[in-house]
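These are the residues of each chain, in order.
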Amino acid sequence: MSDASNIALKIRGLEFGYSKEPLLEIDELQIQKGEHLAVIGPSGCGKTTFMHLVSGLIRPQVGTIEIQGCNITRLKEWEMDRFRGRSIGVVFQRLHLLSAISVLNNLLLAQRLARMTPDKKKAMKLLDRLGIAAQAHSLPAILSQGQAQRAAIARAVIHNPSLVIGDEPTSALDNASAADAIQLIKELSESVGFALLIVTHDERVRGSMDRVLDLGGQT
Amino acid sequence: MNLLQLSMANLLLSPLSTAVNILLLSLGTGSIAILLIATHLLSAALIRDAADIDLVVGAKGSPLQLVLSGLYHADIPTGNIRLSDAKTWTEHPMVESAIPLALGDSHQGFRIVGTNEDYVDIYDGQLAEGKLPSNPLEIAIGSSVSKATGFSLGATFASQHGLDGAGHAHEEDSYTVVGIFEASDTVLDRLLITTLESVWLVHGESRPNSETYDTTQTNRPHDHEEVHAHAHADAEAEASEAMLDDHDEGGHAEHQHEDQHQHEDESSSEYDGDQEKQATLHAEAQEITVLLVKYATPIAAITLPRKINDESALQAASPAYEITRLLQVIGIGIGWLQAFASILVASAVLSIFAALYASLKARRNDLAVLRCLGATRSELFMLLLYEGLILTTAGIVFGLIAAHGGIELAGIALGDAQNFPLTGFVWAPTEFLLVGGLLAAGILSSLIPSWQAFSTDVPRTLALS
C-alpha cells in the first residue's frame, strides 16, 4: 500500500477527445516520487495529448489529475500556470532553450517563473554537475546538441519539481548522447526525488524506465 | 533574470532592427521637441520682455513692427514722434506710467536705447559694476553686450546708425561705459542704456559746426513728465538738431512722421553763440521713438488705444494682442513642421509594430516554452509590451537629448547677439504631452503583438514545432 504523500501523479477516470469519440481513456494511474514511467504507443494514440493533460495545458472532459495531491483540473488557468512553474519540469523534443539569454539565465528565469528567488549558486552547481558549467554564460545557439540537452534538463529540474515530463527528449540524440541524457535525468530524479514521465518512441528509453504505459494498448 | 530583462535581451538579439527603430523614433521625437522648445523659448522671451508694458505708442505704421522694435528691439522703428505729442498721453488719467525711448543707433549690432531709470526698473536690472548713466555720453551695457564686446568700465566707443553696423558712425561723440548690468535673461542683456539727452546730443552734434557739449547742463530725467531736452548745441544747428535724425535702421526704415525737422519755437530761439556756444532745447521740440505705457486702470485697455489711434497722429499697439497675432502666424508654420515630424513619428511607431510583430512570429515557440515554464498569459502580454515600451522610451530619450542638446549647441554657436536666448536647459510644458503621446503610441503599437502573445495556443504551437 502506497503512502498518499508519496504519490507524485494520480489519474482517475480520465477521458479526453477532440471529437465525440474519446482519444484517451485512463481509468487509473499512479506514479510514486522517484518512479520512472515511459509512455509509449503508435503515432496518433494520444501520447502528446496525455503529456499536455498532465502538464495542465489542456483539461480533460472527464476525470481528475492530481499532482502532489493537487487536483489540477480544478485550478483556474493562471493558477495552473503558476502550479506548473512550481511543480512540473518539462524537457522538450527540440529543447527550446530561450535563444536570447544565456544558459545560466535560462535556469534563473525558470526559478523566477517558479516564484523562487533566483539562486545563481545553485544553478552553477547544477550546470557543473551536468558538465556544462563552462557554457553557463554562452547563448544556447553555440552549444552542441548534447550540451543543449543537458542545459534543457538542468532548466527542467532547477526548481525541484514533483514531476518532470519529457517529450521525446532523446529523439534528436545519437545513441551515446541519448543514454547519457537518460542516465543523467534518472540520477537527478533519484537525488531530487521527482517522478519522471517520458513520452517516447525510443526503445532505448523504454528499456531503462521502471514502468511502461502503452497508450496504444492501454497497459 | 526577469521578464523585463528578457524583453531587453530579445531586443538585443536583433541589434540592427532595434537601432533603426530607435533612430526613427528619435528623429521624429527630436524634430517635434525642437519645435516645442523653440516655441516655448520664444513665447517665454516675448512675455518676459513685455514685462509690465500694456501699450506701445509710436509713429503710425505697422503695429506689430512698433511692438517688435519698441519692446523687443527686434525690428526697425516705425519712425519718431514729437515729445510734445507723447506728453499729451503721459499725462492722461488712464496712464499710470510712460517710459520714453529714443532709438536709432547701435554698436556691434546691439541697440543703444536712450531712456530713463524706469526702463531699467521694469526688467529689474541690477548693476554688476559701475553706475547708471547720469551724464551726457555715459552708457551702461547689458551682460551680453559686455561679453560680446569685451567692454569694461571706462571703455569708449562711437555709435552707429541702424542695427547692422553699416550705418554712419558718430565718431565725434564717443560713449563711455559707466555701468555693466548683471544678466537678467531679458532684452536688457542685449541693450546699451543711455539717457535721452545723450541720444539727442549725438545726433545734434553729429552735424557740422557743432560745439562741445556742456555736461553740467544735462540732467537725466527721472519722470516721464520731465523728459526735458537740455542738449546744448551749436546755435546754427539748434533748430534742426532738436530732434533725432530721421535716419532709418540700416537705411531701410520707412519713417512716416511729418514735420520732423520743424521746431515750434524756431523764431523765438535766439541764440547767443558768441558768448557761451551753448543752448537749451525745449523738450517739446525733441523727438523720441516710442512711449512704453502702463495702464492706470483695466478699463484703459479698451478705451486708451482707440483714443490714441483716433485722436492723434500717433499709433498705439497692444503687445499682448500683437504677440498673440505673431505667434498665430508663426504657429501656422510650426504646425506644418509639426505635421511633418508627426509623420516621422507615425512611421517610427508603425516600424516598431512591424518589428514586434515579426519578432513575435519568430518567437512563438519561446512564448509556448515560457508558458510551460510557468509564465501566465498576462506575463507573455507584458513581455511584448515591455519590448514596445523599451523601444519607445529609448526613442523618446534619445530624441529629447538630441533636441535639447542641439538647441543648446545652437545657442552656444549663435552667441549672445540673437534676439531670443537659445538654451537647451529648459523644459517646455508641451513636452510632457509629447512624451505622454509617444508612450501611448508605443503602447498602442505593442498592443496587437502583445495580444497575440497573450493568445498563444501552447499545445498547438508545441505540436507544430
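Residues numbered from 1 in each chain as written. Chains lettered and ligands numbered in written order. Predicted model: local features only at pLDDT ≥ 70, side-chain atom pairs only at ≥ 80, totals over all residues.

Draft legend 1. View of the overall build of chain A. Tallying secondary structure elements over chain A gives seven helices and nine strands in all. Here chain A has a C-alpha radius of gyration of 17 Å; the compact-globule value for 219 residues is 17 Å, and the two agree. The 219 residues of chain A split such that 46% are buried. Considering only contacts within chain A whose residues lie at least 6 apart along the sequence, 72% involve residues at least 24 apart. (Helix = DSSP H or I, 4+ residues; strand = E, 2+ residues; numbered from the N terminus. Rg over C-alpha atoms; globule rule 2.2 N^0.38 Å. Buried ≥ 20, exposed ≤ 12 C-beta atoms within 10 Å, placed from the backbone. Contact = placed C-beta atoms within 7 Å.)

Draft legend 2. Spotlight on the domain arrangement of chain B. All names here are of chain B. Each domain of chain B was delimited in the assignment, giving domain 1 (3-46 + 326-464) and domain 2 (55-317). Tallying the contact residues gives seven residues for domain 1 and nine residues for domain 2. Of the residues assigned to the side of domain 1 that touches domain 2, the class counts are four nonpolar, two polar and one charged. (Domains from an automatic or database assignment. Nonpolar A, V, L, I, M, F, W, Y, C, P; charged D, E, K, R; others polar.)

Draft legend 3. Inspection of helix 10 (residues 364-372) of chain B at higher detail. With seven of nine residues buried, helix 10 of chain B lies mostly within the body of the structure. Taken residue by residue, helix 10 of chain B has Asp366(B), Leu367(B), Ala368(B), Val369(B), Leu370(B), Arg371(B) and Cys372(B) as its buried positions. Contacts made by the buried residues of helix 10 of chain B are with helix 2 (77-87) and strand 6 (88-91) of chain A together with helix 11 (377-414), helix 12 (429-454) and helix 13 (458-464) of chain B. Positive phi appears at Gly374(B), one or two residues downstream of helix 10 of chain B, with a value of about 120°.

Draft legend 4. The confidence of the model for chain B, seen in detail. Residues and elements named next belong to chain B. Summary statistics for chain B give a mean pLDDT of 80 and a share of 81% for residues scoring 70 or more. At the low end of the mean pLDDT range in chain B sits helix 13, at 82; at the high end sits strand 7 (residues 138-141), at 96. Segment residues 205-281 is flagged for pLDDT under 50; beyond a separation of four residues in sequence, or across chains, it makes 156 contacts in the model. What the predictor reports for the complex is a pTM of 0.74 with an ipTM of 0.91. (pLDDT = per-residue confidence, 0-100.)

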